[in-house]
Amino acid sequence: MRNIYRETFDQIRASEQLREEVLKMTKQEHITTVKRRIPKTVLIAAALALVLAGTALAVASPTLREWFEKKWAEETSSQLKESQSLVIDSLTQKVGISDTSGEVTVTVDSITVGTSQIWALLDVEGWDFDRNAQYSFDRMRVEIVPDPSEGQHGGAGYGLDSIGFTEDGRCRMLLEFSATISTGNQLNSGDYALEIDLNDLIRCRTGGAEDEILYEGDWSFSIPLTPESLSPVITIDRVQLPSNQMVWDQTDDEDGGTAEGTAPRHAVATLTDLQITATEVSFYCDGLMDRTRATAILADGTEVEDHGRGGSRMEDGSWYVSFDWPVPLDVTDIIAIRFGDTEIPLN
């Protein structure tokens, strides 16, 4: 299993040693503080858990829909509903853009675009792939242009790994991208493009062994994110949660007190502009979620836990927080959202 974490839009990649350590963790959370030109603290918490099959998909060639079906079965032990399949189809667009470097060609087959998440299916051909191995690229840049955070608070993280092989020998890879966009801009509004730069095809090694560079080359793409993928949004203006689910100040004393000059803890946490879409739940609040998970409760009782979160400190000291769903959901099928032990009904 490869876990990936939201990073700043500067896209500073982790060292290989750190990458290997991350691969050994499951659903852990991470906090990063970033200084900008005008100092702004940006906290990027654990974002994504990209579950990619190994030998189980070694002889398969999954489409995006099939990958979502498998992911959904892993998360819920059930099959996708027809309404949810329709949502996924509405968020997915065919791309078919290719770039060739030497003998190796990379094609972006299709993408699924959510509010702040993107899944992209890539095919790599021109190499004799071992169907029992995992492949990726040594370096990559994945960015949204123009910057949806508008130079303010924001962050993004991504990961890319092989998920199967086609009958004619192409290696199929999945790129998963997620952003924290405190401006409220949506990637599927029709105003943005996804840019991807890939460098050097590699065979991924496990157990701390160094990845093997198989073919040196550069592949680049710019993919418009069309407005056809707009998702319904449920909005709740204001809701309150028990304060034991929030962090009020990172300088709190170990005994539960607060350092001099910092704000005291509140009895309740106030969330405003809570928005639920097919791919995330987000809100602004007067404290930061403290290792609390978000869960979507569906009409048939199925519970879907988030697979990553991100947060950004705003100018007024409040926070913007977002939680990603592991698979796009049918928003009309969500009857409640639960944060920790607090359930918020939507009807």
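Notes on the structure follow. (Residues numbered from 1 in each chain as written. Predicted model: local features only at pLDDT ≥ 70, side-chain atom pairs only at ≥ 80, totals over all residues. Heavy atoms only, no water.)

1. Regarding the overall build of the protein
- Counting secondary structure elements, the protein contains three helices and 21 strands.
- Counting only residues that meet the buried cut, the protein has 54% of its 347 residues in that class.
- Excluding contacts between residues fewer than 6 apart, the proportion of contacts in the protein whose partners are at least 24 apart in sequence is 68%.
- Summing over all exposed atoms, the protein offers an accessible surface of approximately 15200 Å²; the carbon and sulfur share of this is 47%. (Helix = DSSP H or I, 4+ residues; strand = E, 2+ residues; numbered from the N terminus. Buried < 20%, exposed > 50% of the residue type's maximum accessible area, 1.4 Å probe, protein only. Contact = heavy atoms within 4.5 Å. Areas by Shrake-Rupley, 256 points an atom, 1.4 Å probe, with all protein chains shown as cover.)

2. Quick look at the state of the cysteines
- Taken as a whole and assessed by the stated rule, the structure comprises zero disulfides.
- With no disulfide of its own, Cys171 lies 9.0 Å from the sulfur of Cys204, the closest cysteine sulfur. (Disulfide = S-S within 2.5 Å.)

3. Looking at the pairing of strand E18 (residues 309-313)
- Burial analysis of E18 places four of its five residues in the buried class, which makes it a mostly covered element.
- Bridging between E18 and strand E19 (residues 319-324) involves five bridges; their strand directions are antiparallel. Counted as the bridge partner of Ser312 is Tyr320 from E19.
- Taking the residues between adjacent antiparallel strands as the criterion, E18 and E19 are bridged by five residues, where Gly317 takes a positive phi near 95°. (Pairing = 2+ DSSP bridges.)

4. A closer look at unusual backbone geometry
- Here the bond from Val145 into Pro146 is cis, since omega is -10°, no more than 30 degrees from zero.
- Topologically, Pro146 is positioned in the loop between strand E6 (134-145) and strand E7 (154-165).
- With a phi close to 55°, Ser77 is a non-glycine residue in the positive phi region.
- Among the structural elements, Ser77 can be located in the loop between helix H2 (64-76) and helix H3 (82-91).
- The backbone of Asp273 sits at a positive phi, close to 50°, despite the residue not being glycine.
- Summarising the element assignment, Asp273 is placed in strand E13 (residues 268-276).

5. Section: the sheet that holds strand E20 (residues 334-339)
- On the basis of which strands lie adjacent, the open sheet formed by four strands has the order E17-E16-E20-E21 and antiparallel pairing. Edge positions in the open sheet fall to strand E17 (303-305) and strand E21 (342-345), since each of these has one partner strand only. In this sheet, adjacent strand axes meet at a mean angle of 25° when their direction is disregarded. (Axes fitted to C-alpha atoms, helices over the stretch in contact; angles between N-to-C directions.)

6. Side note on the sheet that holds E19
- Spatial ordering of the open sheet is given by E11-E13-E14-E19-E18, a layout of five strands whose pairing is antiparallel. Both edges of this open sheet fall to strand E11 (234-242) and E18, since each of them pairs with a single strand only. Pairs of neighbouring strands in the sheet enclose a mean axial angle of 20°, with direction left out of account.
- The pairing of E13 with strand E14 (residues 280-285) spans four bridges and is classified as antiparallel. Looking at the pairing, Gln275 lines up with Ser282 of E14.

Function cannot be read off these values alone, since they describe shape.
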